Amino acid sequence: MRAAIYETFGNPADVTKVGDVPQPQPGAGEVRIRTILSPIHNHDLWTTRGSYGYKPVLPAVGGTEAVGTIEAVGDGVDATLIGRRVAVGGVHGTWAEYFIASATGIVPLPEAISDEAAAQLIAMPFSAISLLDTLNAKAGDWIVQTAANGAVGKVLAALTAARGIHLVNLVRREEAVAELTALGLSHVIATSRPDWVEQVKALTGPDGARSAVDSVGGAIGAQLIDVLGQDGELVIFGTATGEPMPLNSGALIFKQITIKGFWGSKVSTAMAGDKKAKLIGELITMAAGGTLPLPVGGIFALADAARAMDAAQVPGRPGKILIRP
């Protein structure tokens, strides 16, 4: 079968090549899925660079999420699943014509959810909803998030609105303010403004924000401490800049701020099955009802995988880049 392969770590556009690999065979408890669409996530790009928490054995086929059709099942798996359209996240090798997944990890899809939405339904939305589930902020509280124009940021905006939680949406570019406002998001502030911290404080009031979520890093991430209230929490979700955070020790001490990291893969693995099913069910309901923002920034053929990697690294793109085998 054809697949997007990298034999060395490096710039994804340079090291990703399309070639032939053996078609995988499902083992016990597994299914083989024919890929319809697979997204390029930031963590996929970091993995290809060799800079992520998970490092594959090389050569490797990229991709960790997809929508597809079950084509074959292994021992112990219900054969009536063959032909079902499903979404899968947390797997490996989805930038290919076929990939293998655990039968317990597939999510059957209603017809109301398009392929474009289904391809990105699990990884980022589930990270967003499980992140929100772990935060201390409840209805009526304020959350401040950076990278609000990213996939997780847009999903978090929809989820907080549904739960009655106030949200401040920070972006780095002034142009992104207009883009998000046009999508219906409120309280959008550009951190390029010198007074952005004061603008956030004017929204959250004297008690400050209950929680802050950072996906940028560096000085911007560190300044989130200033907008948190007493006993606030700063959750590090990502680091778009890769820069270290120059934290203010005094503010951390006197506000008694808690700082912790969030890795969706670890959280998902540790989560109880019934809890996971409940959260995924909430996402499916929102996606089917059209209230879960899952925009697409472009669809590339597998043969154009290298160009797709370039497109996925363009700042301010309107949505997720997808690969179609």
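Everything below is about the structure shown above.
Computed from a predicted structure; not experimentally measured. Counting from 1, residues in each chain are numbered in the order their sequence is written. Local features in a predicted model are, by the rule used here, given only for residues with pLDDT of at least 70; side-chain atom pairs are given and counted only at 80 or more, and totals for whole chains, interfaces and linings are based on all residues. Values shown for side chains rest on all heavy atoms present in the structure; no hydrogens or waters enter the calculation.

*Asks:* For the overall build of the chain, give the residues involved together with the corresponding values.
*Replies:* Starting at the N terminus, helices and strands are each numbered in turn, a helix being any DSSP run of H or I of at least four residues and a strand any DSSP run of E of at least two. For the chain, the helix and strand inventory stands at 12 helices and 16 strands. Each principal axis of the C-alpha distribution contributes one length, and for the chain these read about 60 × 40 × 35 Å. The classification of residues rests on relative accessible area computed with a 1.4 Å probe and restricted to protein chains. Under 20% of the type maximum is buried, over 50% is exposed, and intermediate values are partly exposed. The 325 residues of the chain split such that 51% are buried. In this description, contact between two residues means that some pair of their heavy atoms is separated by no more than 4.5 Å. Long-range pairs, those at least 24 residues apart, make up 67% of the contacts in the chain between residues at least 6 apart in sequence. Computed over 26 positive and 30 negative side-chain charges, the separation of the two mean positions in the chain equals 1 Å. In this tally, Lys and Arg are treated as positive and Asp and Glu as negative; His is ignored, and so are the chain termini. Every charge is mapped onto a representative atom, which is NZ of Lys, CZ of Arg, CG of Asp or CD of Glu.

*Asks:* Explain the sheet that holds strand 4 (residues 60–61) residue by residue, including any values.
*Replies:* Read from one edge to the other, the open sheet built from 3 strands follows the order 2-1-4, with strand pairing classed as antiparallel. Each end of this open sheet is capped by a strand with a single partner; those strands are strand 2 (16–20) and strand 4. In this structure, strand 1 (residues 2–6) lies alongside strand 4, joined through 2 bridges in antiparallel fashion. Following the sheet pairing, I5 is matched in strand 4 by V61. When DSSP finds two or more bridges between two strands, those strands count as paired.

*Asks:* Could you give me a rundown of the packing of aromatic side chains, with the residues and numbers involved?
*Replies:* Within 6.5 Å between ring centres, the rings of Phe, Tyr and Trp (the latter by its six-membered ring) count as paired, and their orientation is classed by plane angle as stacked under 30 degrees, edge-to-face over 60, tilted in between. Summed over all chains, the structure comprises 3 aromatic pairs. Centre to centre, the rings of Y6 and F9 are 6.3 Å apart; their planes meet at 50 degrees, and the pair counts as tilted. With a relative accessible area of 3%, Y6 lands in the buried category. Ring geometry for F237 versus F262: centroids 5.8 Å apart, planes at 20 degrees, classification stacked. Residue F237 is located in the loop between strand 13 (228–236) and helix 9 (249–255), and its partner F262 is located in the loop between strand 14 (258–261) and helix 10 (264–270); the two are separated by 25 residues in the primary sequence. Should the NZ of a Lys or the CZ of an Arg lie within 6 Å of a ring centre and within 35 degrees of the ring normal, that charge is described as sitting over the ring. The ring of Y98 carries R32 above its face, with NZ or CZ at 5.8 Å from the centroid. The positively charged end of K55 is found above the aromatic ring belonging to F9, 5.6 Å away from the centroid.

*Asks:* Let's hear about the sheet that holds strand 11 (residues 188–190): which residues, and what values?
*Replies:* Strand order in the open sheet formed by 6 strands is 11-10-9-12-13-14, with parallel pairing between adjacent strands. With partners counted over all chains shown, the strands left at the sheet margins are strand 11 and strand 14, one partner each. Neighbour-to-neighbour, the strand axes of this sheet turn through a mean angle of 20 degrees, independent of strand direction. Note: strand 13 against strand 14, 4 bridges, orientation parallel. Across the sheet, E233 pairs through a bridge with T258, a residue of strand 14. All axes here are fitted lines through C-alpha atoms, helices being fitted over the stretch that makes contact, and every angle between N-to-C directions spans 0 to 180 degrees.

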